[in-house]
Amino acid sequence: MRSPQRSHHDVVVIGSRCAGAATAMLLARAGHDVAVVDRSRFPSDMLSTHGIARGGVVQLARWGLLEDVLASGAPAVRQVMFRRGDNQTTLRVKERAGVDLLVAPRRHVLDALLVDAAQAAGAQVRTGVTATGLRRDGANRVVGLDARTADGQPIELTARYVVGADGLRSRTAGWVGARVLDSFSADTGTFYMYVADAAWPAYEFHVARDAYAGVFPTHGGAACVWLCRPAAALGSLRAAGSDRAAALLAELDTVSPTLAARVRSGRITSVVRGAAGLPNYVRQPVGPGWALVGDAGYHRDPITGHGITDAFRDAELLATAIDGSLRDPADEHTAMAAYADRREAALRETFDLTRALASFPPPDTFVELQIQLSEALEREADLLASFRTPAATAVRAA
Ligand SMILES: Cc1cc2nc3c(=O)[nH]c(=O)nc-3n(C[C@H](O)[C@H](O)[C@H](O)COP(=O)(O)OP(=O)(O)OC[C@H]3O[C@@H](n4cnc5c(N)ncnc54)[C@H](O)[C@@H]3O)c2cc1C
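One structure accompanies this document, and this report is about it. (Residues numbered from 1 in each chain as written. Predicted model: local features only at pLDDT ≥ 70, side-chain atom pairs only at ≥ 80, totals over all residues. Heavy atoms only, no water.)

**What to know about the overall build of the chain**
Stage number 1. A tally of regular secondary structure across the chain gives twelve helices and 19 strands.
Stage number 2. Here the chain has a C-alpha radius of gyration of 21 Å; the compact-globule value for 398 residues is 21 Å, and the two agree.
Stage number 3. With the principal axes as the frame, the chain shows a C-alpha extent of 65 × 45 × 40 Å.
Stage number 4. Contacts in the chain between residues far apart in sequence, at least 24 positions, make up 72% of those at least 6 positions apart.
Stage number 5. With an accessible surface of roughly 15900 Å², the chain has 51% of that area assigned to carbon and sulfur atoms.
Stage number 6. Within the chain, the 43 negative side-chain charges are centred at a point lying 3 Å from the centre of the 44 positive side-chain charges. (Helix = DSSP H or I, 4+ residues; strand = E, 2+ residues; numbered from the N terminus. Rg over C-alpha atoms; globule rule 2.2 N^0.38 Å. Contact = heavy atoms within 4.5 Å. Areas by Shrake-Rupley, 256 points an atom, 1.4 Å probe, with all protein chains shown as cover. Lys, Arg positive; Asp, Glu negative; His and termini not counted. Charge placed at Lys NZ, Arg CZ, Asp CG, Glu CD.)

This is the structure:
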């Protein structure tokens, strides 16, 4: 038995992608001692398409990271195209909330950039380290965690706060017994692949009965081409094994022949990945000594393509709350309750629209809901641009 490596921090974060790395970066920029563990190593990919909504782009810009994302080769997208049947509309991305572009960086690029930013701010990021359980004091407050390196070295990290940013299958949420405050089931599936050697100037959204497809332009002139449908309609795609690319193309033929034709004119460079039947839940986000952020605390079907922005927004709301609590422990209850309240207010409209969209109503209603969603996302971008968190920009300004 090797004796554990022990260290103490203000905050320990489990998970170091959109939610965890951003939370750690903001807290470290605010001057706190932060450690992060992630069982992954970076750069590494994950199961996700990666179109970032305007609010997420606002966060990257405010945090001083948008330039790095663009410098990585993720193209600035300045057009959004909508198509239903033969009707096609292309709109320019207007300047709003301080940004005039959208961007869809591959996750192995984005997540590694966020990890680098957290480290640059002073957070200690330990990759290849899996959290295995929480530590509690006599009053049952969470005071740290046990973890293990890939080669079996035990680690004990103690902290004033433990943040679970460990994603959709969060073990932290289970360990703390976070209550589910709201949930719904939506049996939809999202599948995607990468296509190079074709022109992809715009975010694209194609609507048909029981189907929603799209395009996110990304690095190297390639695009992430995706399809959402009720899971029951995806049977042949899911059963297609090594022929999934052909099966996805066959689906696109019926949803949007013009998109299918452009995919055929290009070169498919990846296997088809995806998931169906993902859960939709809002979990209690705080308790004594712990908090949840990102998918760990709130997950909605990918049909609204909003998880990265949710993670960035809630990372800043949580970092603000923990910063306040660390500076004035007497204020802990108020500060952490404010995180719960502000998160609930911010997520409600999109969560309810996700519920409605994921039921795949008739196309007229689906399009109407999409219009409501885009209006909600524009208001959210304004809200994020109005945040005045000193730590959001502290390091870049220094
Ligand atoms: C098919 C699909 C398509 C999507 N498309 C989009 C889209 O277009 N736009 C968008 O904005 N969002 C999209 N999303 C959602 C988005 O991917 C997530 O909301 C986002 O990744 C959440 O970030 P997170 O940091 O909370 O969790 P994650 O990105 O899941 O990161 C969690 C991290 O925790 C680590 N971890 C887990 N357990 C432990 C442990 N015990 N110890 C140590 N580390 C641990 C993992 O290794 C991982 O690195 C999509 C999701 C799916 C599934």
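Okay, back to it.
**Focus on the sheet that holds strand β16 (residues 280-283)**
Within a beta sheet, neighbouring strands are joined by backbone hydrogen bonds and run either parallel or antiparallel to one another.
Stage number 1. If you trace the three strands from one edge of the open sheet to the other, you get β9-β16-β19, paired in antiparallel fashion. Edge positions in the sheet fall to β9 (180-184) and β19 (298-299), since each has one partner strand and no second.
Stage number 2. In the sheet, β9 pairs with β16 via four bridges, with the strands oriented antiparallel. Residue pairing in the sheet places F184 in a bridge with N280 of β16. (Pairing = 2+ DSSP bridges.)

**A few points about the packing of aromatic side chains**
Stage number 1. Scanning all chains against the criterion turns up 14 aromatic pairs.
Stage number 2. Their ring planes at 75° and their centres at 6.4 Å tell us that F205 and F216 sit as a pair that is edge-to-face. Taken together, the positions of F205 in strand β11 (residues 203-208) and F216 in strand β12 (residues 211-217) put the pair eleven residues apart, joining distant regions of the chain. The two residues F205 and F216 agree in class, both being buried.
Stage number 3. For the cation-ring pair, R106 lies above Y194, with the distance from its terminal atom to the ring centre recorded as 3.8 Å. (Phe/Tyr/Trp six-rings, centres within 6.5 Å; stacked < 30°, edge-to-face > 60°. Buried < 20%, exposed > 50% of the residue type's maximum accessible area, 1.4 Å probe, protein only. Lys NZ or Arg CZ within 6 Å of the ring centre and 35° of its normal.)

**Considerations on the nonpolar core**
Stage number 1. If you look at the biggest cluster of nonpolar residues, it comprises 91 residues, and the most contacted ones within it are V11, V34, L110, Y212, F312 and I322.
Stage number 2. Residue-level mapping places this core at the junction of two domains, with at least three residues from each of domain 1 (5-50 + 106-184 + 279-359) and domain 2 (58-105 + 187-277 + 361-391).
Stage number 3. Aside from chain neighbours lying at most four places away, what touches V34 is H9, V11, V13, A24, L27, A28, A123 and Q124.
Stage number 4. Listed in part, the 22 residues of the second largest apolar core include F191, W200, L249 and L252. (Core = buried A, V, L, I, M, F, W, Y, C linked by side-chain atoms within 4.5 Å. Domains from an automatic or database assignment.)

**Quick look at helix α10 (residues 332-357)**
Stage number 1. A rise of 1.5 Å per residue sets the reference length of α10, with its 26 residues, at 38 Å; its end C-alpha atoms lie 37 Å apart and thus fit the reference within 8%.
Stage number 2. Along α10, the helix axis deviates most sharply at L347, where the bend reaches about 40°. (Expected span 1.5 Å × (residues − 1). Bend = angle between axes of the 7 residues up to and from the residue.)

**Details of the environment of G51**
Stage number 1. With respect to the helices and strands, the residue G51 is situated in the loop between β2 (34-38) and α2 (54-62).
Stage number 2. Distance in space between the C-alpha atoms of G51 and P105 is 7.5 Å, their sequence separation being 54 residues.
Stage number 3. When neighbours within four sequence positions are excluded, G51 is seen to be in contact with V103, A104, Y203, F216 and G305.

**A look at the packing of α2 against helix α9 (residues 307-327)**
Stage number 1. Look at α2 against α9: their axes get within 8 Å of each other, and the N-to-C directions meet at 50°. By the angle between their axes, α2 is oblique relative to α9. As for the relative orientation of α2 and α9, their crossing is left-handed in sense. Residue-level inspection shows G55, G56, Q59, L60 and R62 of α2 in contact with α9, the latter providing T309, F312, R313 and E316.
Stage number 2. For the contact of α2 with α9, the class distribution of residues is two nonpolar, four polar and three charged. (Axes fitted to C-alpha atoms, helices over the stretch in contact; angles between N-to-C directions. Parallel < 35°, antiparallel > 145°, perpendicular 65-115°, else oblique. Left-handed = near helix turned anticlockwise from the far one by under 90°. Nonpolar A, V, L, I, M, F, W, Y, C, P; charged D, E, K, R; others polar.)

**Considering unusual backbone geometry**
Stage number 1. F42 connects to P43 through a cis peptide bond whose omega is 5°.
Stage number 2. Tracing the backbone through its elements, the reader meets P43 in the loop between β2 and α2.
Stage number 3. Its identity as a non-glycine residue notwithstanding, D197 has a phi of 60°, on the positive side.
Stage number 4. By secondary structure assignment, the location of D197 is in the loop between β10 (188-196) and β11.
Stage number 5. With relative accessibility at 53%, the residue D197 sits in the exposed group.

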